[in-house]
Amino acid sequence: MLVLAIVLIIMPWVMPSFAVSTDILIFGLFAMGFNILLGQTGILSFGHATFFGLGAYGTAMFLMKPQAVPRVPASLGMFGFVTGIALATAVAVGIGALSLRRKGTYFSLITVAFNMMVYFIFIQNPLDLTGGGDGIIGIPTPPLLFLERWRTPVTWYYFCMVFTLVAVAILRIIQTSPFGEVLKGIRENEERVMLLGYDVARYKLISFTLSGLFSGLAGSLLAFHLNFVGYDTLYWMVSGEVLIITLLGGFRTFFGPLVGAVAYILLKDGLSAITENWMIFMGAVVMAIILAFRGSGILEMAEKRIYKGRG
Amino acid sequence: MPLISMVAIDPSYLVTQLLNGLVWGLVLALIAMGLALIYGLLDIVNFAHGAFYAFGAYVAWQTLLSGGNYWVALLTVPAASILLALFVESTLLRRLYGQDTKFTLIFNFGLMLVIVQACRFIWGARGKPISIPSELAFSVDLGLLSYPAYRLFVIALTSAIALAVFIFLRKTHVGMATRAGIQNREMVQVLGVNIGRIYTLIYAIGICIAGIAGLAASPLFGVYPEMGIEVLIPAFVVVVVGGMGSFHGSILAGILVGQVATLPIIWEPRVAQVMIYVFMAIVLLARPAGLFGELGR
């Protein structure tokens, strides 16, 4: 954790810009949340844009839609995090309960289908809440430590960094807790865990919900980061992107998703300057990771190298 | 509002919507059928299936551009689809047999990105219209209403393909080996059948059908890079509702989902896109195994 803190403090100074570094934090956090399911519990969700997008919308709708709630005073800006996370988490419970009724690949298909459902609902601008195709513009900076007065890309990065560090610390605690051990057991052998008397369905649902919660937090940060939320945050392709990020870094490692976010954002930056169809490279990378490296990402390969070196 | 308008529907409008739903449902059924065959035998969720649907439509566009007509495309599209399928299967997919289905799904997601982006690169990101073949550019008088002949042709074409696959599975030796392989792969191998060849064949058939579905749909909905995903996710709904290993299930569920997607347009177009997912949620609540499927797969 200490190493991570130092890396994150230094990172923006070697990156192209502070805004890029903040992107890395947000997508890294999103991928860390996603990986509770894939890496730890062994479940592949293809619908995590739902919770990322709802985190962003939950924040934006609370702060910017006076007809929904009595006009929120700016001093309550921090509360936008709460509404964003709450919306993402609540929907995660619902979608999790439904989609976990089916196993394996069916589960992946159901999550991506519900992802599309939420996308279509939000694009229709129900009750004039979501802004439809225009999205929601002008989300104010949360007023913490006079941040709204002193907001520069630098202070904003470090603000997000603190959030990320706290979230990663909590994720670490979850991972190493007895609860996290049960999740690992489900990943390795679900039936055995069930025979040991654990309520596997409940553990999976909690895992799914936690995953949605952290994805929602990342989405909420994104809303403040861009001061804007658009429906494309909810598009199913974002679910694919978080999967690519996690794979790139290495889904079998704890910090892999963060490493993946660094690689992905930099690759995206570089490639999209070359060609508009840069996703073709991402597709090739995904195929290569599965075919040639048996699913190992950057951090995993690095770790293997190190262990080999030690003999 | 919806309740009031429900009382006074023009019956010819209702039948038109039912037929439109049937067209869409049969296109979905063809996609879902390929998914079901490939999943049932190869144990692979073909996330790239929609990309092959788009590829078929682009090949049709290219055929028309190069001076061919729709009927020529009806030959070039299957040929190109089969060639691409054989190439993908023999060079890449073959190495994944027997691996974790999560991995194969992710691999096919990557493959989908490559195919779709390659189509964008070759043919451009802008949508392209394909005109209805001139021989079918008229309306048929069905008594109550007149309906475009091309849409009736799509109904006939998709039904014929489904029937052909059904006969292939029931009446030919290879089809029987396929069905047996879906039930018990090892046993078929023990009996001396070269299951690897059947894998290749079934993958090529599934892809070929997706390509033809893309061709059939292109004059109705146009040709554009995202068309694949727009049919893939509803096809997932079909597969979840119908049961993935089931041939009949995918056809019936396809027709059903087609209606669920189309009929609500009569009352409230804005909710129509959402309805199939609501329908899927209800099925998951009431019958988690799907309408025609068995639990445990």
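Residues numbered from 1 in each chain as written. Chains lettered and ligands numbered in written order. Predicted model: local features only at pLDDT ≥ 70, side-chain atom pairs only at ≥ 80, totals over all residues.

Asker: Can you lay out the overall build of chain A for me, pointing to particular residues and giving the numbers?
Answerer: Within chain A, the regular secondary structure consists of 14 helices and 2 strands. Computed over its C-alpha atoms, the radius of gyration of chain A comes to 19 Å, within 12% of the 19 Å expected for a compact globule of 311 residues. Residue burial in chain A is summarised as follows: out of 311 residues, 51% are buried. The long-range share in chain A, meaning contacts at least 24 apart out of those at least 6 apart in sequence, stands at 78%. (Helix = DSSP H or I, 4+ residues; strand = E, 2+ residues; numbered from the N terminus. Rg over C-alpha atoms; globule rule 2.2 N^0.38 Å. Buried ≥ 20, exposed ≤ 12 C-beta atoms within 10 Å, placed from the backbone. Contact = placed C-beta atoms within 7 Å.)

Asker: Which residues make up the overall build of chain B, and what are the values?
Answerer: A tally of helices and strands in chain B yields 13 helices and 2 strands. Taking 297 residues into account, the globule formula puts the C-alpha radius of gyration at 19 Å, and chain B, at 19 Å, falls close to it. In terms of principal-axis extent, the alpha carbons of chain B reach across some 60 × 50 × 35 Å. Expressed as a percentage of its 297 residues, the buried residues of chain B come to 49%. Taking the intrachain contacts of chain B between residues at least 6 apart in sequence as the baseline, contacts between residues at least 24 apart amount to 77%.

Asker: Please provide a residue-by-residue account of the interface of chain B and chain A, values included.
Answerer: Chain B puts 32 residues into the contact, and the matching count from chain A is 33 residues. Those elements that place two or more of their residues in the side of chain B that touches chain A are helix 5 (101-123), helix 10 (227-242) and helix 13 (269-286) of chain B. Across the side of chain B that touches chain A, the residue classes break down as 24 nonpolar, 4 polar and 4 charged. (Nonpolar A, V, L, I, M, F, W, Y, C, P; charged D, E, K, R; others polar.)

Asker: Let's hear about the packing of helix 5 (residues 104-123) of chain A against helix 13 of chain B: which residues, and what values?
Answerer: A pair of packed helices can be characterised by two numbers: the angle between their axes and the separation between those axes. In contact at an axis separation of 9 Å, helix 5 of chain A and helix 13 of chain B are set at 140 degrees when each is read in the N-to-C sense. Classified by the interaxial angle, the pair formed by helix 5 of chain A and helix 13 of chain B is oblique. For the pair helix 5 of chain A and helix 13 of chain B, the crossing hand works out as left-handed. Between helix 5 of chain A, through Ala113, Phe114, Met116, Met117, Phe120 and Ile121 of chain A, and helix 13 of chain B, the contact on the second element is made entirely by Gln273, Val274, Tyr277 and Met280 of chain B. (Axes fitted to C-alpha atoms, helices over the stretch in contact; angles between N-to-C directions. Parallel < 35°, antiparallel > 145°, perpendicular 65-115°, else oblique. Left-handed = near helix turned anticlockwise from the far one by under 90°.)

Asker: Give a detailed account of helix 6 (residues 149-171) of chain B, specifying residues and quantitative values.
Answerer: Along an α-helix, residues three or four apart share an orientation, since each turn contains 3.6 residues. Residues and elements named next belong to chain B. In this model helix 6 runs 32 Å from its N-terminal to its C-terminal C-alpha over 23 residues, within 8% of the 33 Å that 1.5 Å per residue would give. The set of residues buried in helix 6 consists of Tyr150, Arg151, Val154, Thr158, Ile161 and Val165. The elements touched by buried residues of helix 6 are helix 2 (11-42), strand 2 (146-148) and helix 9 (195-221). (Expected span 1.5 Å × (residues − 1).)

Asker: Tell me about unusual backbone geometry, and please be specific about residues and values.
Answerer: Leave glycine aside and you will find that most residues have negative phi; peptide bonds, for their part, are mostly trans. With a phi angle near 55 degrees, Asn227 of chain A is a residue other than glycine that sits in the positive phi range. Looking at the secondary structure, you find Asn227 of chain A in the loop between helix 10 (200-226) and strand 2 (228-229). The residue Asp43 of chain B is not glycine, and still its phi comes out positive at about 65 degrees. Structurally, Asp43 of chain B can be placed in the loop between helix 2 and helix 3 (49-65). Since 20 C-beta atoms lie within 10 Å of it, Asp43 of chain B is described here as buried.

Asker: How would you explain the environment of Gln117 of chain B if you had to name every residue and give the values?
Answerer: Inspection of the secondary structure assignment puts Gln117 of chain B in helix 5. Spatially, the C-alpha atom of Gln117 of chain B lies 9.5 Å from that of Ala51 of chain B, the residues being 66 residues apart in sequence. Apart from the residues within four sequence positions on either side, Gln117 of chain B is in contact with Asn277, Met279, Ile280 and Gly283 of chain A.

Asker: If you had to explain the nonpolar core to someone new, which residues and values would you point to?
Answerer: In terms of nonpolar packing, the biggest core is built from 190 residues, with Ala113 of chain A together with Val27, Ile31, Ala32 and Val237 of chain B touching the most fellow members. Looking at which element gives the most residues to this core, the answer is helix 2 of chain B, with 18 residues. The residues contacting Ala32 of chain B, other than those within four sequence positions of it, are Ala235, Val238, Val239, Gly242, Ser250, Ala253 and Gly254 of chain B. (Core = buried A, V, L, I, M, F, W, Y, C linked by C-beta atoms within 7 Å.)

Asker: Would you mind going over the environment of Ala86 of chain A in detail, with residue names and values included?
Answerer: With respect to the secondary-structure elements, Ala86 of chain A resides in helix 4 (residues 79-99). When the C-alpha atoms of Ala86 of chain A and Thr59 of chain A are compared, they prove to be 9.4 Å apart, with 27 residues separating the residues in sequence.

Asker: Describe in detail helix 3 (residues 49-64) of chain A, supporting the description with residues and values.
Answerer: With 16 residues, helix 3 of chain A ought to run about 22 Å at 1.5 Å a step, and its terminal C-alpha atoms sit 21 Å apart, in line with that. Burial analysis of helix 3 of chain A places 16 of its 16 residues in the buried class, the great majority of the element.

Asker: Go over the confidence of the model for chain B with me, naming the residues and quoting the values.
Answerer: Residue and element names in this part refer to chain B. Averaged over every residue, the pLDDT of chain B is 86; residues scoring 70 or more account for 95%. The weakest mean pLDDT in chain B belongs to helix 1 (residues 2-7) at 50; the strongest belongs to helix 3 at 94. Per the prediction output, this complex has pTM 0.89; the corresponding ipTM is 0.89. (pLDDT = per-residue confidence, 0-100.)

Asker: An account of the packing of helix 11 (residues 236-249) of chain A against helix 13 (residues 279-291) of chain A is needed here, citing residue identities and associated values.
Answerer: Residues and elements named next belong to chain A. Two elements in contact, helix 11 and helix 13, have axes separated by 10 Å at closest approach and are oriented at 50 degrees. With respect to their mutual orientation, helix 11 and helix 13 come out oblique. Where helix 11 crosses over helix 13, the handedness of that crossing is left-handed. For the pair formed by helix 11 and helix 13, the contact residues are Ile244, Leu247 and Leu248 on the first element and Met282, Val285, Val286 and Ile289 on the second. Among the residues making up the contact of helix 11 with helix 13, the classes are represented as 7 nonpolar, no polar and no charged.

Asker: Give a description of the environment of Arg287 of chain B that names residues and reports values.
Answerer: Assignment of secondary structure puts Arg287 of chain B in the segment after helix 13. For the pair Arg287 of chain B and Val241 of chain B, spaced 46 residues apart in sequence, the C-alpha separation works out to 8.9 Å.

Asker: Before we move on, can you summarise the confidence of the model for chain A with the specific residues and values?
Answerer: Predicted coordinates in areas of low pLDDT are best not read in detail. Here chain A shows a mean pLDDT of 87. Residues at 70 or above account for 93%. Across chain A, the element-wise mean pLDDT spans from 69 in helix 6 (residues 147-150) of chain A up to 94 in helix 10 of chain A.

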